[in-house]
Protein chains: 2
Amino acid sequence: MGKGTLKKALLNQTRDLNLSISATTRAARPGEVHGQHYFFVDQVRFREMIEEDAFLEWAQVYSNLYGTPREFVLNHLQQGRDVLLEIDIQGALQVKEKMPSGVFIFIYPPNLKELAFRLVSRGQDSKDSIEARLAACENELKHIDYYDYLVVNDKIDRALQKITAIIIAERCKIKNLNMR
Amino acid sequence: MGKGTLKKALLNQTRDLNLSISATTRAARPGEVHGQHYFFVDQVRFREMIEEDAFLEWAQVYSNLYGTPREFVLNHLQQGRDVLLEIDIQGALQVKEKMPSGVFIFIYPPNLKELAFRLVSRGQDSKDSIEARLAACENELKHIDYYDYLVVNDKIDRALQKITAIIIAERCKIKNLNMR
(Lines give C-alpha, C1' and ligand atoms only; values in the text may rest on other atoms or scores of the structure.)
Protein backbone atom coordinates (compact mmCIF):
# COMPACT_ATOMS: atom_id res chain seq x y z
CA MET A 1 0.00 0.00 0.00
CA GLY A 2 1.35 3.41 -0.93
CA LYS A 3 1.46 6.75 0.73
CA GLY A 4 -1.83 7.83 -0.85
CA THR A 5 -3.76 5.10 0.96
CA LEU A 6 -2.00 5.93 4.18
CA LYS A 7 -2.82 9.62 3.82
CA LYS A 8 -6.53 9.03 3.16
CA ALA A 9 -6.88 6.67 6.11
CA LEU A 10 -5.05 9.10 8.38
CA LEU A 11 -7.22 12.06 7.40
CA ASN A 12 -10.39 9.99 7.78
CA GLN A 13 -9.68 8.80 11.29
CA THR A 14 -7.92 11.78 12.88
CA ARG A 15 -9.88 14.65 14.35
CA ASP A 16 -8.61 18.20 13.81
CA LEU A 17 -6.26 17.20 11.00
CA ASN A 18 -6.53 18.75 7.54
CA LEU A 19 -4.58 18.22 4.36
CA SER A 20 -2.71 21.26 3.17
CA ILE A 21 -4.01 22.70 -0.09
CA SER A 22 -1.25 23.62 -2.52
CA ALA A 23 -1.09 26.54 -4.90
CA THR A 24 -0.19 25.60 -8.46
CA THR A 25 0.26 27.21 -11.85
CA ARG A 26 -0.95 24.17 -13.72
CA ALA A 27 -4.39 24.28 -15.30
CA ALA A 28 -7.31 22.84 -13.38
CA ARG A 29 -8.42 19.42 -14.60
CA PRO A 30 -12.10 18.63 -15.04
CA GLY A 31 -13.71 18.35 -11.61
CA GLU A 32 -10.93 20.12 -9.73
CA VAL A 33 -12.19 22.97 -7.56
CA HIS A 34 -10.19 26.08 -6.67
CA GLY A 35 -9.64 26.19 -2.91
CA GLN A 36 -10.52 22.54 -2.51
CA HIS A 37 -8.08 20.55 -4.63
CA TYR A 38 -5.66 23.39 -5.34
CA PHE A 39 -5.39 27.13 -5.33
CA PHE A 40 -5.01 27.80 -9.05
CA VAL A 41 -2.88 30.86 -9.75
CA ASP A 42 -0.98 32.11 -12.77
CA GLN A 43 2.80 32.29 -13.09
CA VAL A 44 2.89 36.03 -12.33
CA ARG A 45 0.93 35.65 -9.12
CA PHE A 46 2.93 32.61 -8.07
CA ARG A 47 6.19 34.55 -8.53
CA GLU A 48 4.73 37.40 -6.52
CA MET A 49 3.86 34.99 -3.73
CA ILE A 50 7.44 33.71 -3.72
CA GLU A 51 8.64 37.31 -3.36
CA GLU A 52 6.14 37.88 -0.54
CA ASP A 53 7.49 34.79 1.27
CA ALA A 54 3.96 33.43 1.11
CA PHE A 55 5.09 29.81 0.75
CA LEU A 56 6.38 27.42 3.37
CA GLU A 57 7.92 25.54 0.46
CA TRP A 58 7.64 25.53 -3.30
CA ALA A 59 9.06 23.60 -6.24
CA GLN A 60 9.02 23.47 -9.98
CA VAL A 61 7.84 20.22 -11.55
CA TYR A 62 8.42 20.31 -15.30
CA SER A 63 6.99 23.66 -16.34
CA ASN A 64 4.57 23.98 -13.41
CA LEU A 65 5.05 25.53 -10.01
CA TYR A 66 3.64 24.06 -6.80
CA GLY A 67 3.74 25.58 -3.33
CA THR A 68 2.36 25.34 0.19
CA PRO A 69 0.69 28.64 1.18
CA ARG A 70 1.87 29.69 4.63
CA GLU A 71 -1.40 31.48 5.42
CA PHE A 72 -3.55 28.36 4.97
CA VAL A 73 -1.35 26.43 7.41
CA LEU A 74 -1.12 29.22 9.99
CA ASN A 75 -4.89 29.79 9.94
CA HIS A 76 -5.51 26.15 10.78
CA LEU A 77 -2.87 26.09 13.51
CA GLN A 78 -4.39 29.18 15.11
CA GLN A 79 -7.71 27.32 15.25
CA GLY A 80 -6.04 24.49 17.13
CA ARG A 81 -6.02 22.19 14.11
CA ASP A 82 -3.07 20.36 12.58
CA VAL A 83 -2.16 20.39 8.91
CA LEU A 84 -0.72 17.47 6.99
CA LEU A 85 1.84 18.29 4.31
CA GLU A 86 2.76 15.53 1.89
CA ILE A 87 6.13 16.74 0.65
CA ASP A 88 9.48 15.39 -0.41
CA ILE A 89 12.84 16.03 1.20
CA GLN A 90 13.42 19.28 -0.63
CA GLY A 91 10.06 20.57 0.55
CA ALA A 92 10.61 19.35 4.08
CA LEU A 93 13.93 21.16 4.34
CA GLN A 94 12.28 24.41 3.25
CA VAL A 95 9.40 23.99 5.72
CA LYS A 96 11.77 23.13 8.55
CA GLU A 97 13.66 26.36 7.95
CA LYS A 98 10.49 28.44 7.97
CA MET A 99 8.67 26.54 10.68
CA PRO A 100 11.15 24.66 12.89
CA SER A 101 8.37 23.72 15.33
CA GLY A 102 6.83 21.51 12.64
CA VAL A 103 6.79 17.75 13.13
CA PHE A 104 8.63 15.89 10.40
CA ILE A 105 7.86 12.24 9.76
CA PHE A 106 9.96 10.28 7.31
CA ILE A 107 7.72 7.68 5.66
CA TYR A 108 9.93 4.93 4.39
CA PRO A 109 9.24 2.08 1.99
CA PRO A 110 9.54 -1.33 3.66
CA ASN A 111 12.22 -2.93 1.53
CA LEU A 112 14.79 -0.34 2.55
CA LYS A 113 14.01 -0.71 6.22
CA GLU A 114 17.23 -2.39 7.18
CA LEU A 115 19.29 0.08 5.23
CA ALA A 116 17.53 3.01 6.87
CA PHE A 117 18.19 1.64 10.32
CA ARG A 118 21.81 1.01 9.44
CA LEU A 119 22.43 4.48 8.14
CA VAL A 120 21.15 6.07 11.31
CA SER A 121 22.89 3.65 13.63
CA ARG A 122 26.16 4.68 15.09
CA GLY A 123 29.00 3.97 12.67
CA GLN A 124 28.40 0.24 12.43
CA ASP A 125 29.02 0.42 8.70
CA SER A 126 31.24 2.93 6.98
CA LYS A 127 29.38 5.84 5.50
CA ASP A 128 30.85 5.06 2.09
CA SER A 129 29.65 1.49 2.01
CA ILE A 130 26.16 2.48 3.02
CA GLU A 131 26.02 5.19 0.42
CA ALA A 132 27.09 2.88 -2.33
CA ARG A 133 24.23 0.51 -1.55
CA LEU A 134 21.78 3.31 -1.18
CA ALA A 135 22.67 5.12 -4.37
CA ALA A 136 19.06 5.44 -5.46
CA CYS A 137 17.84 7.00 -2.22
CA GLU A 138 21.10 8.52 -1.16
CA ASN A 139 19.91 12.07 -1.09
CA GLU A 140 16.83 11.28 0.98
CA LEU A 141 18.58 9.30 3.66
CA LYS A 142 21.36 11.85 4.04
CA HIS A 143 18.74 14.19 5.42
CA ILE A 144 17.08 11.77 7.80
CA ASP A 145 18.50 13.63 10.80
CA TYR A 146 16.41 16.64 9.82
CA TYR A 147 13.31 14.58 10.55
CA ASP A 148 11.82 13.87 13.95
CA TYR A 149 10.33 10.45 13.29
CA LEU A 150 10.83 7.45 11.04
CA VAL A 151 7.82 5.33 10.11
CA VAL A 152 8.41 2.32 7.91
CA ASN A 153 5.41 1.82 5.67
CA ASP A 154 5.54 -1.98 5.78
CA LYS A 155 1.91 -2.67 6.66
CA ILE A 156 -0.69 0.03 6.35
CA ASP A 157 -2.25 -0.70 9.74
CA ARG A 158 1.07 -0.58 11.54
CA ALA A 159 2.20 2.58 9.78
CA LEU A 160 -1.16 4.21 10.45
CA GLN A 161 -1.00 3.28 14.13
CA LYS A 162 2.46 4.80 14.40
CA ILE A 163 1.59 8.06 12.66
CA THR A 164 -1.60 8.36 14.73
CA ALA A 165 0.45 7.76 17.88
CA ILE A 166 2.89 10.49 16.83
CA ILE A 167 0.03 12.97 16.39
CA ILE A 168 -1.53 12.07 19.77
CA ALA A 169 1.85 12.26 21.50
CA GLU A 170 2.75 15.60 19.94
CA ARG A 171 -0.58 16.96 21.14
CA CYS A 172 0.35 15.91 24.70
CA LYS A 173 3.71 17.69 24.59
CA ILE A 174 4.08 20.35 27.26
CA LYS A 175 5.73 22.70 24.79
CA ASN A 176 2.75 22.40 22.42
CA LEU A 177 0.00 22.92 24.99
CA ASN A 178 0.13 26.70 24.83
CA MET A 179 -0.51 26.52 21.09
CA ARG A 180 -3.74 24.57 21.44
CA MET B 1 -9.29 5.44 38.50
CA GLY B 2 -5.89 6.11 40.01
CA LYS B 3 -2.37 5.84 38.77
CA GLY B 4 -2.04 2.26 40.01
CA THR B 5 -4.75 1.03 37.63
CA LEU B 6 -3.22 3.01 34.80
CA LYS B 7 0.22 1.54 35.49
CA LYS B 8 -1.02 -2.05 35.55
CA ALA B 9 -2.97 -1.65 32.32
CA LEU B 10 -0.01 0.00 30.64
CA LEU B 11 2.43 -2.75 31.64
CA ASN B 12 -0.03 -5.45 30.59
CA GLN B 13 -0.60 -4.14 27.09
CA THR B 14 2.82 -2.74 26.13
CA ARG B 15 5.54 -4.97 24.76
CA ASP B 16 9.12 -4.39 25.89
CA LEU B 17 8.11 -2.26 28.84
CA ASN B 18 9.10 -3.19 32.40
CA LEU B 19 8.41 -1.57 35.73
CA SER B 20 11.51 -0.38 37.54
CA ILE B 21 12.26 -2.29 40.73
CA SER B 22 13.24 -0.04 43.61
CA ALA B 23 15.77 -0.66 46.33
CA THR B 24 14.48 -0.05 49.85
CA THR B 25 15.65 -0.29 53.43
CA ARG B 26 12.22 -1.18 54.74
CA ALA B 27 11.58 -4.74 55.81
CA ALA B 28 10.01 -7.13 53.33
CA ARG B 29 6.34 -7.77 53.97
CA PRO B 30 4.92 -11.30 53.80
CA GLY B 31 4.90 -12.43 50.17
CA GLU B 32 7.32 -9.76 48.93
CA VAL B 33 10.22 -11.23 46.97
CA HIS B 34 13.69 -9.70 46.74
CA GLY B 35 14.42 -8.73 43.13
CA GLN B 36 10.77 -8.92 42.18
CA HIS B 37 8.89 -6.44 44.37
CA TYR B 38 11.94 -4.63 45.75
CA PHE B 39 15.63 -5.02 46.23
CA PHE B 40 15.82 -5.19 50.02
CA VAL B 41 19.05 -3.74 51.37
CA ASP B 42 20.12 -2.43 54.78
CA GLN B 43 20.84 1.19 55.62
CA VAL B 44 24.61 0.73 55.35
CA ARG B 45 24.39 -0.76 51.86
CA PHE B 46 21.87 1.86 50.76
CA ARG B 47 24.19 4.67 51.89
CA GLU B 48 27.07 2.99 50.05
CA MET B 49 24.94 2.88 46.90
CA ILE B 50 24.25 6.61 47.23
CA GLU B 51 28.00 7.21 47.48
CA GLU B 52 28.58 4.99 44.43
CA ASP B 53 26.02 7.06 42.46
CA ALA B 54 24.13 3.83 41.97
CA PHE B 55 20.70 5.50 42.03
CA LEU B 56 18.94 7.49 39.34
CA GLU B 57 16.93 8.97 42.20
CA TRP B 58 16.34 8.23 45.85
CA ALA B 59 14.26 9.61 48.70
CA GLN B 60 13.60 9.14 52.37
CA VAL B 61 10.01 8.35 53.37
CA TYR B 62 9.65 8.44 57.14
CA SER B 63 12.57 6.35 58.36
CA ASN B 64 12.93 4.29 55.19
CA LEU B 65 15.00 4.90 52.10
CA TYR B 66 13.80 4.15 48.57
CA GLY B 67 15.80 4.43 45.35
CA THR B 68 15.83 3.52 41.65
CA PRO B 69 18.95 1.46 40.85
CA ARG B 70 20.64 2.83 37.76
CA GLU B 71 22.01 -0.57 36.74
CA PHE B 72 18.56 -2.19 36.50
CA VAL B 73 17.36 0.57 34.19
CA LEU B 74 20.50 0.62 32.01
CA ASN B 75 20.46 -3.16 31.60
CA HIS B 76 16.93 -3.05 30.26
CA LEU B 77 17.65 -0.14 27.94
CA GLN B 78 20.67 -1.97 26.54
CA GLN B 79 18.39 -4.88 25.70
CA GLY B 80 16.13 -2.53 23.75
CA ARG B 81 13.46 -2.49 26.44
CA ASP B 82 11.90 0.52 28.12
CA VAL B 83 11.55 0.97 31.86
CA LEU B 84 8.64 2.64 33.60
CA LEU B 85 9.45 4.70 36.71
CA GLU B 86 6.54 5.78 38.87
CA ILE B 87 8.06 8.71 40.71
CA ASP B 88 7.11 12.11 42.06
CA ILE B 89 8.48 15.47 41.02
CA GLN B 90 11.50 15.27 43.30
CA GLY B 91 12.40 11.90 41.80
CA ALA B 92 11.78 13.07 38.26
CA LEU B 93 14.10 16.04 38.69
CA GLN B 94 16.87 13.75 39.91
CA VAL B 95 16.36 11.30 37.04
CA LYS B 96 16.28 14.09 34.49
CA GLU B 97 19.65 15.33 35.72
CA LYS B 98 21.22 11.86 35.51
CA MET B 99 19.43 10.73 32.37
CA PRO B 100 18.30 13.73 30.31
CA SER B 101 17.30 11.46 27.41
CA GLY B 102 14.53 10.00 29.56
CA VAL B 103 10.92 10.67 28.65
CA PHE B 104 8.99 12.46 31.37
CA ILE B 105 5.21 12.24 31.44
CA PHE B 106 3.28 14.35 33.91
CA ILE B 107 0.15 12.40 34.92
CA TYR B 108 -2.39 14.88 36.16
CA PRO B 109 -5.61 14.39 38.10
CA PRO B 110 -8.66 15.49 36.09
CA ASN B 111 -10.14 18.11 38.41
CA LEU B 112 -7.05 20.30 38.09
CA LYS B 113 -7.02 20.03 34.30
CA GLU B 114 -8.03 23.58 33.59
CA LEU B 115 -5.58 24.98 36.08
CA ALA B 116 -2.75 22.94 34.60
CA PHE B 117 -3.50 24.21 31.13
CA ARG B 118 -3.64 27.76 32.40
CA LEU B 119 -0.31 27.57 34.15
CA VAL B 120 1.46 26.41 31.02
CA SER B 121 -0.30 28.82 28.70
CA ARG B 122 1.49 32.01 27.87
CA GLY B 123 0.82 34.65 30.51
CA GLN B 124 -2.96 34.67 30.21
CA ASP B 125 -3.21 34.83 34.00
CA SER B 126 -0.64 36.35 36.29
CA LYS B 127 1.71 33.86 37.82
CA ASP B 128 0.74 35.02 41.30
CA SER B 129 -2.97 34.48 40.82
CA ILE B 130 -2.43 31.01 39.44
CA GLU B 131 -0.12 30.08 42.26
CA ALA B 132 -2.58 31.22 44.89
CA ARG B 133 -5.27 28.93 43.50
CA LEU B 134 -2.88 26.08 43.09
CA ALA B 135 -1.42 26.30 46.58
CA ALA B 136 -1.84 22.60 47.20
CA CYS B 137 -0.03 21.49 44.07
CA GLU B 138 2.11 24.54 43.63
CA ASN B 139 5.39 22.76 43.81
CA GLU B 140 4.41 20.12 41.26
CA LEU B 141 3.13 22.48 38.64
CA LYS B 142 6.10 24.80 38.94
CA HIS B 143 8.19 22.02 37.49
CA ILE B 144 5.91 21.09 34.61
CA ASP B 145 8.36 22.52 32.09
CA TYR B 146 10.85 19.85 33.10
CA TYR B 147 8.45 17.27 31.71
CA ASP B 148 8.00 16.33 28.09
CA TYR B 149 4.32 15.40 28.11
CA LEU B 150 1.15 16.12 30.04
CA VAL B 151 -1.51 13.43 30.29
CA VAL B 152 -4.68 14.27 32.18
CA ASN B 153 -5.92 11.14 33.90
CA ASP B 154 -9.60 11.92 33.35
CA LYS B 155 -10.71 8.60 31.89
CA ILE B 156 -8.50 5.55 32.16
CA ASP B 157 -8.99 4.53 28.51
CA ARG B 158 -8.11 7.98 27.23
CA ALA B 159 -5.10 8.35 29.50
CA LEU B 160 -3.93 4.87 28.55
CA GLN B 161 -4.30 5.62 24.85
CA LYS B 162 -2.23 8.78 25.23
CA ILE B 163 0.58 7.17 27.22
CA THR B 164 0.67 4.26 24.77
CA ALA B 165 0.85 6.74 21.90
CA ILE B 166 3.74 8.54 23.58
CA ILE B 167 5.66 5.26 23.92
CA ILE B 168 5.01 4.29 20.27
CA ALA B 169 5.96 7.78 19.07
CA GLU B 170 9.15 7.89 21.13
CA ARG B 171 10.14 4.54 19.63
CA CYS B 172 9.75 6.06 16.15
CA LYS B 173 11.99 9.02 16.94
CA ILE B 174 15.03 9.26 14.69
CA LYS B 175 17.23 10.15 17.64
CA ASN B 176 16.14 7.00 19.50
CA LEU B 177 16.56 4.53 16.64
CA ASN B 178 20.24 3.92 17.27
CA MET B 179 19.45 2.90 20.84
CA ARG B 180 17.09 0.10 19.88
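Residues numbered from 1 in each chain as written. Chains lettered and ligands numbered in written order. Predicted model: local features only at pLDDT ≥ 70, side-chain atom pairs only at ≥ 80, totals over all residues.

Within chain A, the regular secondary structure consists of 9 helices and 8 strands. A separation threshold of at least 6 residues defines the contact pool for chain A, and within that pool the share at least 24 residues apart is 59%. (Helix = DSSP H or I, 4+ residues; strand = E, 2+ residues; numbered from the N terminus. Contact = placed C-beta atoms within 7 Å.)

All right, on to the environment of Phe106(B) then. Residues and elements named next belong to chain B. Relative to the helices and strands, phenylalanine 106 resides in strand β7 (residues 105-108). Along the backbone, phenylalanine 106 and tyrosine 146 are 40 residues apart, and their C-alpha atoms lie at a distance of 9.4 Å. Setting aside its immediate chain neighbours within four residues, phenylalanine 106 contacts Ile144, Tyr147, Tyr149 and Leu150.

Moving on, we come to the packing of helix α8 (residues 156-172) of chain A against helix α8 (residues 156-172) of chain B. Across the interface, α8(A) lies against α8(B) with an axial gap of 7 Å and an inter-helix angle of 110°. Regarding the angle of α8(A) to α8(B), the classification is roughly perpendicular. The handedness of the crossing between α8(A) and α8(B) comes out as left-handed. Judged by residue contacts, Gln161(A), Lys162(A), Ala165(A), Ile166(A), Ile168(A), Ala169(A) and Cys172(A) of α8(A) engage Lys162(B), Ala165(B), Ile166(B), Ile168(B), Ala169(B) and Cys172(B) from α8(B). (Axes fitted to C-alpha atoms, helices over the stretch in contact; angles between N-to-C directions. Parallel < 35°, antiparallel > 145°, perpendicular 65-115°, else oblique. Left-handed = near helix turned anticlockwise from the far one by under 90°.)

The subject of this paragraph is the sheet that holds strand β3 (residues 39-40) of chain A. All names here are of chain A. The 4 strands lie next to each other as β3-β2-β5-β4, forming an open sheet whose pairing is mixed. Sheet topology places β3 and β4 (55-61) at the edges, where each strand pairs with a single neighbour. Alignment of strand β2 (residues 23-24) against β3, held across 2 bridges, turns out to be parallel. Note on β3: the bridge partner recorded for alanine 23 is phenylalanine 39. In the packing of helix α2 (residues 43-51) onto the sheet, contacts are made with β2, β4 and β5 (64-69), and the angle to β5 comes to roughly 45°. (Pairing = 2+ DSSP bridges.)

With that out of the way, let us pick up the packing of helix α1 (residues 3-13) of chain A against α8(A). All names here are of chain A. At their nearest, the axes of α1 and α8 sit 10 Å apart, and the two run at 50° to each other. Here α1 is positioned oblique relative to α8, judged by the angle of their axes. Crossing handedness for the pair α1 and α8: right-handed. The segment α1 lies against α8, with Thr5, Leu6, Ala9 and Leu10 engaging Ile156, Ala159, Leu160 and Ile163.

A word on unusual backbone geometry. A positive phi is found at Tyr62(A), a non-glycine position, where the angle reads about 55°. Checked against the element boundaries, Tyr62(A) lands in the loop between β4 and β5.

This brings us to the pairing of strand β8 (residues 149-152) of chain B. Residue and element names in this part refer to chain B. Across the two faces of β8 the burial is the same, with Tyr149 and Val151 and Leu150 and Val152 all buried. Here 4 bridges tie β7 to β8, and the two strands are oriented parallel to one another. Bridge pairing links isoleucine 105 to tyrosine 149 in β8. (Buried ≥ 20, exposed ≤ 12 C-beta atoms within 10 Å, placed from the backbone.)

Here the focus is the environment of Ile156(B). Residue and element names in this part refer to chain B. If you trace the backbone, isoleucine 156 turns up in helix α8. Isoleucine 156 sits in the partly exposed class, given 13 other C-beta atoms within 10 Å. C-alpha separation for the pair isoleucine 156 and tyrosine 146, spaced 10 residues apart in sequence, amounts to 24 Å.

Here we take up the nonpolar core. Within the largest apolar cluster, 42 residues are counted, with the highest numbers of intra-cluster contacts made by Tyr149(A), Val151(A), Ile166(A), Tyr149(B), Val151(B) and Ile166(B). With 8 residues, α8(A) is the single largest residue contributor to this core. Once residues within four sequence positions are removed from consideration, Val151(B) is found in contact with Cys172(A), Ile105(B), Ile107(B), Tyr108(B), Ala159(B), Lys162(B) and Ile163(B). Counting 10 residues, the second largest nonpolar core, distinct from the first, contains Ala23(A), Phe55(A), Leu56(A) and Val95(A). (Core = buried A, V, L, I, M, F, W, Y, C linked by C-beta atoms within 7 Å.)

Okay, the confidence of the model for chain A next. When pLDDT is averaged along chain A, the result is 87; 81% of the residues meet or exceed 70. Reported confidences for the modelled complex are a pTM of 0.83 and an ipTM of 0.81. (pLDDT = per-residue confidence, 0-100.)

It is worth spelling out the sheet that holds strand β3 (residues 39-40) of chain B at this point. Residues and elements named next belong to chain B. In spatial order, the strands read β3-β2-β5-β4; together these 4 strands make up an open sheet with mixed pairing. A strand with exactly one partner marks an edge of an open sheet, and here the two such strands are β3 and β4 (55-61). Sheet strands touched by helix α3 (residues 70-78): β4 and β5 (64-69). Its angle to β5, the strand with the most contacts, is close to 25°.

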